[in-house]
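Summary of the model geometry
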Amino acid sequence: MSVFIVPDGLAGERVDAALARMTGMSRSRVAELIAEGAVLLDGKPAPKASIRVSAGTLVDVDMSEPVRSPALRAELADGLVIVYEDPQLVVVDKPAGVAAHPSLGWDGPDVLSHLEAAGVPVTTSGAAERQGIVQRLDVGTSGLMVVAKGEHAYSALKQQFRDRRVTKIYLALVQGRLDPLSGTIDAPIGRHPSSAWKFAVTAGGRQSVTHYETIEAHAAVSLLRVHLETGRTHQIRVHLAALRHPCVGDPLYGADPVLASRLGLERQWLHAAQLGFRHPETGDWIEFDSAPATDLQTALDTARGDYG
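Residues numbered from 1 in each chain as written. Predicted model: local features only at pLDDT ≥ 70, side-chain atom pairs only at ≥ 80, totals over all residues. Heavy atoms only, no water.

Quick word on the overall build of the protein
Along its length, the protein carries 7 helices and 17 strands. Computed over C-alpha atoms, the radius of gyration of the protein comes to 20 Å, within 12% of the 19 Å expected from 2.2 N^0.38 for 308 residues, which places it in the range of a compact globule. C-alpha atoms of the protein, sized along the principal axes, occupy 55 × 45 × 40 Å. Long-range pairs, those at least 24 residues apart, make up 62% of the contacts in the protein with a sequence separation of at least 6. Seen as two clouds, the 30 positive and the 36 negative side-chain charges of the protein have centres 7 Å apart. (Helix = DSSP H or I, 4+ residues; strand = E, 2+ residues; numbered from the N terminus. Rg over C-alpha atoms; globule rule 2.2 N^0.38 Å. Contact = heavy atoms within 4.5 Å. Lys, Arg positive; Asp, Glu negative; His and termini not counted. Charge placed at Lys NZ, Arg CZ, Asp CG, Glu CD.)

Structure (structure tokens):
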């Protein structure tokens with residue numbers, strides 16, 4: 001059992017929402033645990049997901065089911081690593097500089113081409129250039145991605161992402177110190193009105209929800225743990241930039257290039273650190289973890305020394 005204490009800032013919240021914020025799990029996953037009797041409030045089973053919690057409530061959660069980070073690791077070209085593979089899907093740890101799939105105007109490496117070269121079969125009914133891609137990461141963002149090998153797995157995984165029944169946790173190093181130190185950004189995202197390559201918070205955009213928690217706060221930068229409830233293109237980068245705390249090393253969204261240079265950073269400090277979902281065949285909940293790449297860790301260590 002994992003034990004949490006409800007902080008003052010979450011008093012009055014629904015238990016599923018509060019626990020999602022405290023653990024990084026999706027609200028639907030929390031609701032499943034509540035239905036299974038795996039969530040205790042002050043020693044008693046939570047009767048339903050909608051019950052409100054009070055500050056100081058002791059929350060016990062049985063999170064023993066997930067299988068975390070299976071041992072399989074196979075390194076492909078350009079630093080791409082397969083961290084898990086079975087007949088239904090493959091989970092990869094993508095380095096920066098590798099695209100999710102081939103696209104117009106991109107002539108660099110991509111995940112699908114490397115999987116094909118390694119003999120990993122990926123065949124679905126989707127567009128040829130996006131075969132099996134369930135969720136994408138920006139070229140400059142490193143971390144975990146899942147690719148479905150066939151139609152059944154693809155449909156099942158896509159549905160989980162649409163229904164927000166997955167866990168997607170990122171680490172982000174941003175400029176400045178956020179106030180409050182943790183919170184939720186609920187702001188619609190759409191195409192930028194004057195730039196074809198950017199997105200922005202716009203009144204006519206799609207609903208986009210990002211939860212963040214400050215892990216470290218330094219004089220010039222803060223390290224955040226970010227939980228995505230939705231998955232819009234550039235969502236974290238856009239939302240944090242809208243708060244005037246862009247990811248360090250992200251000039252497209254207003255980051256200071258001088259700061260990035262001081263930290264030796266050549267891309268945005270953003271890493272997909274945790275990915276969890278139900279296996280499309282067995283129904284088991286599985287989770288994977290990825291440590292920040294060397295360039296990100298070096299930049300963070302430099303920031304701790306220079307701005308600690």
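Overview of the layout of surface pockets
In this structure, the largest pocket encloses a volume near 1700 Å³. Along its surface, the largest pocket is lined by 46 residues, and Arg 136, Asp 138, Arg 232, Thr 233 and His 234 are the ones closest to its centre. Elements that contribute at least two residues to the lining of the largest pocket include exactly α4 (151-162), β10 (167-175), β12 (189-191) and α5 (235-242). For the lining of the largest pocket, the element with the highest residue contribution is α4, accounting for 4 residues. For the lining of the largest pocket, the per-class residue count stands at 20 nonpolar, 14 polar and 12 charged. Looking at the second largest pocket, its volume works out to about 230 Å³. In this structure, the second largest pocket is lined by 14 residues; those nearest its centre are Leu 10, Arg 21, Met 22, Ser 182 and Glu 213. Where the lining of the second largest pocket is concerned, the elements lending two or more residues are α1 (15-23), β14 (209-217) and β15 (221-228). Looking at the lining of the second largest pocket residue by residue, the classes come out as 6 nonpolar, 5 polar and 3 charged. (1 Å grid on protein atoms, 1.4 Å probe; cavity = no way out; pocket = protein on both sides within 12 Å on 5 of 7 lines; lining within 4 Å. Points joined across faces, edges and corners; volume = space filled by probe spheres on them. Nonpolar A, V, L, I, M, F, W, Y, C, P; charged D, E, K, R; others polar.)

Section: empty space enclosed by the protein
Inspection of the entire model under this criterion finds 1 cavity of 30 Å³ or more. A volume near 30 Å³ is recorded for the largest cavity. The wall of the largest cavity is formed by Gln 135, Leu 144, Lys 168, Tyr 170, Ala 272, Gln 274 and Leu 275. Contributions of two or more residues to the lining of the largest cavity are made by β10 and β16 (270-278). No other element matches β16, which puts 3 residues into the lining of the largest cavity. Of the residues that constitute the lining of the largest cavity, the class distribution is 4 nonpolar, 2 polar and 1 charged.

Focus: unusual backbone geometry
For the peptide bond that leads from Asp 179 to Pro 180, omega is 10°, which places it in the cis range. Here Pro 180 is to be found in the loop between β10 and β11 (182-186). A positive phi is found at Arg 164, a non-glycine position, where the angle reads about 60°. Tracing the backbone shows Arg 164 in the loop between α4 and β10. Of the residues examined, Arg 164 reaches a relative accessible area of 25% and is grouped as partly exposed. Although it is not a glycine, Arg 244 adopts a positive phi angle of roughly 65°. The residue Arg 244 is located in the loop between α5 and α6 (257-262) in this model. (Buried < 20%, exposed > 50% of the residue type's maximum accessible area, 1.4 Å probe, protein only.)

Some thoughts on the side chain of Thr 210
As for its position among the elements, Thr 210 is in strand β14. Separated by 2.8 Å, the side chains of Thr 210 and Gln 235 make a polar contact. (Polar contact = N/O pair within 3.5 Å; in protein donor to acceptor, adjacent residues only side chain to side chain.)

Notes on α4
With 12 residues, α4 extends 16 Å from end C-alpha to end C-alpha; this agrees with the ideal 16 Å at 1.5 Å per step. Where α4 is concerned, the buried positions are Ala 153, Tyr 154, Leu 157, Gln 160 and Phe 161. One side of α4 carries all its buried residues, which in axial view fall inside an arc of 130°. The inward-facing, buried residues of α4 contact β8 (89-94), β9 (142-148), β10 and β16. Looking at the residues trailing α4, positive phi occurs at Arg 164, about 60°. (Expected span 1.5 Å × (residues − 1). Arc of directions from axis to C-beta.)

Notes on the pattern of salt bridges
Summed over all chains, the structure comprises 10 salt bridges. The partner of Asp 16 in a salt bridge is Arg 14, with the nearest N and O atoms 2.9 Å apart. Between Arg 278 and Glu 32 there is a salt bridge whose closest N-O contact spans 3.0 Å. Within this pair, whereas Arg 278 is found in strand β16, its partner Glu 32 is found in helix α2 (residues 27-35), the two being separated by 246 residues in sequence. By sharing partners, the salt bridges in this structure join Asp 138, Arg 237 and Asp 250 into a single network. (Salt bridge = Lys/Arg side-chain N within 4 Å of Asp/Glu carboxyl O.)

Side note on α5
For α5, the tally of buried residues reaches 6 of 8 residues, placing the bulk of the element in the interior. The set of residues buried in α5 consists of Gln 235, Ile 236, Arg 237, Val 238, His 239 and Leu 240. Positive backbone phi, at 65°, marks Arg 244, one or two positions downstream of α5.

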